[in-house]
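Topology and contacts: notes
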Amino acid sequence: RGAEKKLAGLPDPDTIRKEMADFILRHKAKPVDLQRTMAERVGAKFFSDAEAAVRDSDIVACTTAAREPILHGAWLKPGAFVTAVGWNTPSGRELDDAAMANIVIVESVAAARDQAGNVRGSNCAIFAEAGEIFAGQKAVPEGATVIYDSVGIAIMDVAAAKLVYDLWLSGE
């Protein structure tokens, strides 16, 4: 429940939005300063270099609008978990072929093959759908580097949020 203490110390979303807007208006030409300030604001560590940020990370969240890969598989620590939830058009990509050569999990194979630029661009093998993992039908090998490439199927988001909420209520 350490997260509760951290969250309790954050201001409400409206205050954060106002502070972000004010900061952006005052520092238009300094996006790195904005990134650093916002990272500090939420208790995160700021890196100006993507490789340095990723190199020793257990969990990597790729949430960009990149059209070309910005995350390279060579940077990933063995056993890392990467969630790619940003750009999801058939032609956009966040992850390179080396990253996509790891264990790939998606919400839906059909949706990923149709809509996920990372999957389409790399022509990678898809290990499983998330539902297969949650149902125990497939298990990720111990120590594997895992890529979760999401195309944003709303009902999956709702189900995941409900699961997390129910676990939180039960104290698990």
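Refer to the structure printed above.
Residues numbered from 1 in each chain as written. Predicted model: local features only at pLDDT ≥ 70, side-chain atom pairs only at ≥ 80, totals over all residues. Heavy atoms only, no water.

Once that is clear, we can look at the overall build of the chain. Helix and strand counts for the chain stand at nine helices and five strands. Residues counted as buried form 30% of the 172 residues belonging to the chain. By sequence separation, contacts in the chain at least 24 residues apart represent 54% of the contacts at least 6 residues apart. Split by element, the accessible area of the chain, about 10800 Å² in all, is 58% carbon and sulfur. (Helix = DSSP H or I, 4+ residues; strand = E, 2+ residues; numbered from the N terminus. Buried < 20%, exposed > 50% of the residue type's maximum accessible area, 1.4 Å probe, protein only. Contact = heavy atoms within 4.5 Å. Areas by Shrake-Rupley, 256 points an atom, 1.4 Å probe, with all protein chains shown as cover.)

Among all positions in helix α3 (residues 31–41), only L34, M38 and A39 are buried. Buried residues of α3, viewed axially, fall in a sector of 130°; they line one side. (Arc of directions from axis to C-beta.)

As a further point, take the nonpolar core. Ranked by internal contacts, the top residues of the largest apolar core, which has 21 residues, are L71, L76, L95 and V119. Of all the secondary-structure elements, those providing two or more residues to this core are β1 (59–62), β2 (81–84), α5 (97–100), β3 (103–106) and α6 (109–115). When sequence neighbours within four positions are dropped, the list of residues in contact with L95 reads C62, P69, L71, V82, A84, M100, N118 and I147. Residues I105, A130, A144 and V146 belong to the second largest nonpolar core, which totals six residues. (Core = buried A, V, L, I, M, F, W, Y, C linked by side-chain atoms within 4.5 Å.)

With that out of the way, let us pick up unusual backbone geometry. Its identity as a non-glycine residue notwithstanding, N123 has a phi of 55°, on the positive side. Within the fold, N123 resides in the loop between α7 (117–122) and β4 (128–129). For N123, a relative accessible area of 63% corresponds to the exposed category.

Glancing now at the sheet that holds β2. Read across the sheet, five strands follow the order β1-β2-β5-β3-β4 without closing on themselves; strand pairing throughout is parallel. At either end of the open sheet lies a strand with only one pairing partner, and these are β1 and β4. Pairing of β2 with strand β5 (residues 146–149), which is carried by four bridges, proceeds in the parallel orientation. Note on β5: the bridge partner recorded for F81 is V146. (Pairing = 2+ DSSP bridges.)

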